[in-house]
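Observations on the model geometry
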Amino acid sequence: MGANRSGRSQMLVWIFVLVPVLYISSVPFVRFAALQPEWRTYPPGKTGGPVSAWHYRGAAPPWVKVYTAPYELFRLIPPLDRPLYAYQSWCWDLLGR
């Protein structure tokens with residue numbers, strides 16, 4: 001009985017670790033597939049030089065907003081904001097070019 005309980009607790013730990021990691025790693029790919037952004041270079045303006053940025057082709061469907069809502073909350077937490085933004089930029093660069 002003790003071995004069974006130990007195996008069950010290990011399984012729960014793996015689920016609680018694996019599900020968030022898979023979710024966080026999937027959000028940029030889902031968002032890219034749904035929004036189909038494109039890399040654009042805008043002409044010089046008030047900034048003094050050309051600006052390059054991702055441009056969305058339209059509004060996000062409601063299901064994308066619901067799916068990415070927890071991810072967006074994680075991006076608001078100061079220690080997580082920069083790594084998550086960098087990860088999303090890396091994914092989009094990988095997919096978009």
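In this section: helix 2 (residues 62–76). For helix 2, which comprises 15 residues, the first-to-last C-alpha distance of 20 Å matches the rise-based estimate of 21 Å (1.5 Å per residue) to within 8%. Residue Ala-69 marks the point of greatest curvature in helix 2, where the axis turns by about 45 degrees; the proline Pro-70 follows within four residues.

Glancing now at the packing of aromatic side chains. Remark: the centre distance and the inter-plane angle together describe each pair of aromatic rings, the angle taken between the planes. Scanning all chains against the criterion turns up 3 aromatic pairs. Geometrically, the ring pair formed by Tyr-23 and Tyr-67 is edge-to-face, given 5.3 Å between the ring centres and 70 degrees between the ring planes. Linking Tyr-23 in helix 1 (residues 2–35) with Tyr-67 in helix 2, this pair joins segments that are 44 residues apart in sequence. On the basis of an interplanar angle of 65 degrees and a centroid distance of 5.8 Å, the ring pair of Phe-32 and Trp-92 is categorised as edge-to-face. In this pair, Phe-32 is assigned in helix 1 and Trp-92 in helix 3 (residues 78–96), connecting sequence segments 60 residues apart. Residue classification places Trp-92 among the buried positions, given a relative accessible area of 2%.

Before going further, it helps to spend a moment on helix 3. Its 19 residues place the ends of helix 3 27 Å apart at the C-alpha level, agreeing with the 27 Å of an ideal helix rising 1.5 Å per residue. Of all the residues in helix 3, the buried ones are Leu-84, Gln-88, Cys-91 and Trp-92. Along helix 3, the residues classed as buried sweep out an arc of 95 degrees about the axis, all on the same side. The outward face of helix 3, more than 90 degrees from its buried face, is lined by the exposed residues Pro-79, Arg-82, Trp-90 and Leu-94.

What follows concerns unusual backbone geometry. In this structure, Gln-36 takes a positive phi of about 45 degrees despite not being glycine. Inspection of the secondary structure assignment puts Gln-36 in the loop between helix 1 and strand 1 (38–42). A relative accessible area of 45% places Gln-36 in the partly exposed class.

Contact pair helix 2 / helix 3: the axes reach a minimum separation of 6 Å and the direction vectors enclose 120 degrees. As the angle between them shows, helix 2 and helix 3 are arranged oblique. Within the contact between the two elements, helix 2 uses Tyr-71, Phe-74, Arg-75 and Leu-76 and helix 3 uses Pro-78, Leu-80, Asp-81, Leu-84, Tyr-85, Tyr-87 and Gln-88. Split by residue class, the contact of helix 2 with helix 3 holds 8 nonpolar, 1 polar and 2 charged.

Rules and cut-offs
- Residues numbered from 1 in each chain as written.
- Predicted model: local features only at pLDDT ≥ 70, side-chain atom pairs only at ≥ 80, totals over all residues.
- Heavy atoms only, no water.
- Helix = DSSP H or I, 4+ residues; strand = E, 2+ residues; numbered from the N terminus.
- Expected span 1.5 Å × (residues − 1).
- Bend = angle between axes of the 7 residues up to and from the residue.
- Phe/Tyr/Trp six-rings, centres within 6.5 Å; stacked < 30°, edge-to-face > 60°.
- Buried < 20%, exposed > 50% of the residue type's maximum accessible area, 1.4 Å probe, protein only.
- Arc of directions from axis to C-beta.
- Axes fitted to C-alpha atoms, helices over the stretch in contact; angles between N-to-C directions.
- Parallel < 35°, antiparallel > 145°, perpendicular 65-115°, else oblique.
- Contact = heavy atoms within 4.5 Å.
- Nonpolar A, V, L, I, M, F, W, Y, C, P; charged D, E, K, R; others polar.

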